[in-house]
Each structure stands twice: as C-alpha cells, then as structure tokens.
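Structure at a glance
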Amino acid sequence: MNLIPEPLAFELSSPGRVGVSLPTCDVPVTAVPASLRRAELKLPELDELTVVRHFTRLSQKNFSIDTHFYPLGSCTMKYNPKANEVAAAQPGWKGAHPLVSDDRNQGAIELIYRLQESLKAIGGFAGVSVQPAAGAHGELAGVFMIRAYHLAHGNPGRVKMLIPDSAHGTNPASCTMAGLTTVTIPSDAEGGVDLDALKAACDDTVAGIMITNPSTIGLFERNIEKIAKMIHDAGGLVYGDGANMNALTGVLRPADVGIDVMHFNLHKTFSTPHGGGGPGVGMVGAAPVLAEYLPGPIAVEKNGKFSMEMPAKGIGRMKAFNGNFGVLVRAYTYIRMLGEEGMRRLAESAVLNANYIKVKMEKVYPVKYPRRCMHEFVAMGNFVDGIHTLDIAKRMIDYGYHPPTIYFPLIVPEALMVEPTETESKETLDAFIDVMLKIAEEAKTQPELLHDAPHNTPIGRLDEVAAARNPMLCYRS
Ligand SMILES: *Cc1c(COP(=O)(O)O)cnc(C)c1O
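Residues numbered from 1 in each chain as written. Predicted model: local features only at pLDDT ≥ 70, side-chain atom pairs only at ≥ 80, totals over all residues. Heavy atoms only, no water.

**Comments concerning the layout of surface pockets**
- Space inside the largest pocket adds up to approximately 1,200 Å³.
- Put simply, the parts of the chain that give the lining of the largest pocket at least two residues each are helix 1 (48–60) and helix 11 (389–398).
- The element best represented in the lining of the largest pocket is helix 11, accounting for 3 residues.
- Here the residues of the lining of the largest pocket sort into 10 nonpolar, 12 polar and 4 charged. (1 Å grid on protein atoms, 1.4 Å probe; cavity = no way out; pocket = protein on both sides within 12 Å on 5 of 7 lines; lining within 4 Å. Points joined across faces, edges and corners; volume = space filled by probe spheres on them. Helix = DSSP H or I, 4+ residues; strand = E, 2+ residues; numbered from the N terminus. Nonpolar A, V, L, I, M, F, W, Y, C, P; charged D, E, K, R; others polar.)

Listed below in structure tokens is the structure:
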C-alpha cells in the first residue's frame, strides 16, 4: 500500500527553491567550457523534503525481494542477507583501489583465493576464475576455452556445439557469439536428452555439448554420465550450465559426473543481489583438461603470499581488474555463514520448497513432465478456455506476487515456471499456493478479472515488445 499520497503534478520544480547549501568554494571558480554545456540545462529547483518524498515514493513502486515473494523461475530471486552488505561495505574492501599492487592488496586477493577454493570444492573442479561478470559471460568464457583446447590439439574443424532444447536461451547465444555453430538436440518423452538424437549428432566436427542441468524444465538429467561419455568418446568436451547450482550444492559435484567446464552464478546460488542488470559474477570452473585455459588473472598462493596470475594458456581477460569484487565479498560471506553443512541444506530446502508448491499446484495447473522436480518446476496456464498464462501472471500482480517466468522454456506450451528458492517460509509458500488456486477459480468463474489485470498498478498492461524496443526513458517523452 502506498501511504504517501501522490502529488497532483509530476513537475514539482519552483524557481528559486533550494535544497542544498554548498560549502564555500576553496578552489578558483572557472566556467564550464561551452563545448561541454548543453544549451538548455534546466535543473529542477526543489527543497530537500520534496526531493526525499519524490524518491521515497518512486522506491515504493519498486518490486523487490526485500518486500515481496519473487518466484521468478530460473532467476533464483532468493533473499540477499544483510550481513553480505555489511561485509562488502568494510572500508578495506570498498576503498581498495583497483590499480594497487598485489603486495598492498593481500587481503582482497586472499579473499578471492578462498572463494576460488570454496567453489572448486563445491564443483569438484581443478581451477576456477572469478573474471566473468554474468552467467552468459561465463558461458562465453567456457566456449572460448573449449575452442582454445581444440585449436591447441590441432582440431580447428571442431566447431559444432550440441545444445538440448531444454537449455537456457543464453547457451546457443553464447556459442554463436564465440563463432561456433549450434545443433539442437530434442528432449525425449521424459524431458531428458534424447540419446538417439545425441548419438546421431556426434561426429568429428563436434566441439562439445552445452547442457543445462537441472534443465530449464526443472528436471535433473538422469543420463548425465552417459551423455558426458558419449561426448568424450566423440572427442568433444562437456559444458555444464551451473547457473542453478542451488539444486545441487553439497549434494553433487558437477565435475564428478563428467562436466569439464561450468559457470556458477554467484548472483543466484550464492545470494548476491541481481536484477535490473546489476553486477553479477559468472565464475567459471574447469576440470583438469581445461583448467589451464581459464580466463585470468587468478588468485594464487605461494608461501603465504597471494598474487594474481594469468594461466599459462588462458583465454585472457573477460573483465577489467579483478572482476566485480564487491559481489565476490558478498558471495564469500554467504558461503562462510552457511558452511559445508549449510550448502547441502540450501540445496535440500530449494528442492523441497519447489516440490511442495508443485504437488499442491499441479492438481489444477498441469505440469508437462510430472516427475519430481529440482529447484523449480514448469506448470501450464491454459487449463481454462480463453485464459492464457499471461492473464494468470498479470492477476498475480494484484495479489502482491511477482509473476513467475512465463512462456519459457519454449518446449512447454503456456509455460509458468515457478522457483520459490530455499529462503522462503512455509507460511509464504502456503499463502502463494492459496492465491494460485484462487486465481485458477477466478479463471473459471470471473475470467474478465484476469483479462483486465493488473488492476492495482499505476499502469496496466503494456505492449511489452514495444516497451523493450522503444523505451521511453524520460518522462517528458
Ligand atoms: C540465469 C541463467 C543464465 C544466465 O545468467 P546471467 O547471469 O543472467 O547471464 C544461464 N543459464 C541458466 C540456466 C540460468 O538460469
């Protein structure tokens, strides 16, 4: 509820009104060069209170994990503990200059080193790099590594990446950006990779497979070891998309089932804030076969001294300096708070919560692959004539829930992809389930309520394609 009344007008400027008093200038006053000046720079003139109310009001229009449940499938919108923020705001971390020498940056490099060691243990990898700034960026790094490996082994013709149709959309995009061609492998009736189709695609042009496990339908790929062996036998390498490691931490180490290279999304599994394009980290881990190709620099320890070093055959840098360092501090804090035991409980709770909602929802919302799910599941929103998943998603906004991911993955019609994460209480899950069942009832008895939703937001339904293609970033339009 918005307790602060809306002002009648958006333009609140009033000539001569001032909200700041600047200290006396202690350097010579110089005019801004005319070339740097816009002809008519009309700065608003406002008092402090009006400014505070304006921004507070705007902030209350935001949807956030700190205010509401956010079951956005595949995005892992879990709670970001405040202790992470306290750690990242320590003056020693916050004020560290990126150009300071390794000698004077020992603490920061040690933190990177320890985080690397933690993720090596969680993934079972021989090496990891903190360079990539996001999951997709980590994928790009991994595909470059696979390509570098094949080139180093005299196989320039290995240019084909096999991608199951249950993969995340970034997978084919990353391969294409890296200059490889992609071949889609269909799913079988159970939602796993169709092994016959995979076998048929394995030839000497295969660079590898890029496999999302758990897949975007929220299912664990039970044949993962068989698949890895088929690819390895064909001379390829296995890229595992580990963005959604919160189904597996402490339970399964991806390297143990044949994954050669994988990215972790610190901004999903390890609780650092994301959304709005804000900084992330797609740390990439590698098995021995690919570890020397990792992007650098990587933190290394010798006789108690820490330094940042480039791997011998590494693909180079993916990011300036030491990547998004503040995110690394947050993720490291989270891992240390939970410990080894906590890592396992994290995964168990994520999977339990998703299955709890799935079992209660699937009586009404059909689930295409009704197997036990991992950290998320994909239901369908087309169980009443004339109602679409979009209508259900929009109606959820009226009840104070961020809609789940919709119309993705593409292999499930009218997809509604729910990921509760492990940080929500049973009460929150129950309240959510009640609302979903209530909306299903409304779909049958009062469909117009859904067609016209949302009813309580400042604006209703947008033309989402036009909004993304031609954004209006200024209120003056
Ligand atoms: C989120 C996600 C990605 C992409 O990660 P970004 O940080 O958004 O680039 C890739 N794969 C899967 C399975 C994901 O869930």
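**Describing the packing of aromatic side chains**
- By the definition in use, this model includes 10 aromatic pairs.
- Plain terms: the ring middles of Y149 and Y293 are 6.1 Å apart, the flat faces sit at 75° to each other, and that makes the pair edge-to-face. Here the residue Y149 occupies a position in helix 5 (residues 135–152), and Y293 occupies one in the loop between helix 9 (288–291) and strand 8 (298–302), the gap between them amounting to 144 residues.
- Accessibility expressed as a relative area gives 17% for Y149, which makes it buried.
- The exposure class of Y293 is buried, given its relative accessible area of 2%.
- Where Y401 meets F432, the ring centres are 5.4 Å apart and the plane angle is 70°; that geometry is what we call edge-to-face. Of this pair, Y401 sits in the loop between helix 11 and strand 11 (405–406) while F432 sits in helix 12 (residues 426–445), and the two are 31 residues apart along the sequence. As far as the burial class goes, Y401 and F432 line up, both buried.
- A network of ring pairs unites the aromatic residues F69, Y401 and F432 as a single cluster. (Phe/Tyr/Trp six-rings, centres within 6.5 Å; stacked < 30°, edge-to-face > 60°. Buried < 20%, exposed > 50% of the residue type's maximum accessible area, 1.4 Å probe, protein only.)

**Observations regarding empty space enclosed by the protein**
- By the definition in use, this model includes 2 cavities of 30 Å³ or more.
- As a volume, the largest cavity reaches approximately 80 Å³.
- Forming the walls of the largest cavity are 13 residues, and the residues nearest its centre are N213, L248, P254, I259 and M262.
- When residues of the lining of the largest cavity are assigned to their parent elements, the largest contribution, 3 residues, is made by strand 5 (residues 237–242).
- The calculated volume of the second largest cavity comes to roughly 30 Å³.
- As for the second largest cavity, its lining consists of P164, S166, V193, I211, T212, S215 and E221.

**Focus on the site of the ligand**
- In the neighbourhood of the ligand, 14 residues make up the surrounding shell, with S74, G135, D241, H267 and K268 lying closest.
- At a separation of 2.7 Å, an oxygen atom of the ligand approaches a polar side-chain atom of H267.
- Surface burial for the ligand is 86%, taken as the share of its 380 Å² of free accessible area covered by protein chains.
- Of the residues forming the shell around the ligand, the biggest block, 3 residues, is contributed by helix 5.
- Grouping the amino acids of the shell around the ligand by side-chain chemistry returns 3 nonpolar, 8 polar and 3 charged. (Near = heavy atom within 4 Å. Polar contact = N/O pair within 3.5 Å; in protein donor to acceptor, adjacent residues only side chain to side chain. Areas by Shrake-Rupley, 256 points an atom, 1.4 Å probe, with all protein chains shown as cover.)

**Some details on the sheet that holds strand 2 (residues 160–164)**
- Taken together, 7 strands build an open sheet; the order of strands is 1-7-6-5-4-2-3 and the sheet is mixed. Edge strands, defined here as strands with exactly one partner in the open sheet, are strand 1 (127–129) and strand 3 (181–185). Ignoring which end each strand starts from, the neighbouring axes of this sheet average 20° apart.
- In the sheet, strand 5 pairs with strand 6 (residues 261–264) via 4 bridges, with the strands oriented parallel. Considered in strand 6, the bridge of D241 is made with H263. (Pairing = 2+ DSSP bridges. Axes fitted to C-alpha atoms, helices over the stretch in contact; angles between N-to-C directions.)

**Thoughts on the packing of helix 5 against helix 6 (residues 170–177)**
- Here helix 5 crosses helix 6 at 45°, and the two axes come no closer than 9 Å. Here helix 5 is positioned oblique relative to helix 6, judged by the angle of their axes. Of the two possible hands of crossing, helix 5 and helix 6 adopt the one that is right-handed. Residues A136, E139, L140 and V143 of helix 5 touch helix 6, and the partners they reach there are T170, N171, S174, C175 and M177. (Parallel < 35°, antiparallel > 145°, perpendicular 65-115°, else oblique. Left-handed = near helix turned anticlockwise from the far one by under 90°. Contact = heavy atoms within 4.5 Å.)

**Examining the pattern of salt bridges**
- Within the structure shown, the criterion is met by 18 salt bridges.
- For R344, the salt bridge identified is with E348, shortest N-O distance 2.9 Å. On the criterion of helical spacing, the pair formed by R344 and E348 is a turn pair, its members being 4 residues apart in helix 10 (residues 325–361).
- Judged by relative accessible area, which is 37%, R344 ranks as partly exposed.
- By relative accessible area, which is 39% here, E348 ends up partly exposed.
- The salt bridge involving E464 is made with K394; its shortest N-O contact spans 2.8 Å. (Salt bridge = Lys/Arg side-chain N within 4 Å of Asp/Glu carboxyl O.)

**Some points on a nonpolar patch on the surface**
- Residues V18, V20 and L22 make up a contiguous nonpolar surface patch of roughly 350 Å² in combined accessible area.
- Structurally, V18 can be placed in the segment before helix 1. (Patch = residues over 30% accessible without salt bridge, like charges linked within 9 Å, V, L, I, M, F, W, Y side chains within 5 Å.)

**Focus: unusual backbone geometry**
- Backbone torsion omega between N213 and P214 reads 0°, so that peptide bond is classified as cis.
- Looking at the secondary structure, you find P214 in the loop between strand 4 (206–212) and helix 8 (224–233).
- In this model, F408 is joined to P409 through a cis peptide bond whose omega is 0°.
- Relative to the elements of secondary structure, P409 occurs in the loop between strand 11 and strand 12 (415–418).
- For N303, which is not a glycine, the phi torsion comes out positive at approximately 50°.
- Tracing the sequence through the fold places N303 in the loop between strand 8 and strand 9 (305–309).

**Description of the pairing of strand 4**
- Here strand 4 lies mainly inside the structure; 7 of its 7 residues are buried.
- Relative to strand 4, strand 2 is paired through 3 bridges, and the arrangement is parallel. Its bridge partner being in strand 4, L162 is matched across the sheet by I209.
- Tracing the backbone out of strand 4, into helix 8 and back to the parallel element strand 5 gives a crossover that is right-handed. (Right-handed = clockwise from strand over helix to strand, strands pointing away.)

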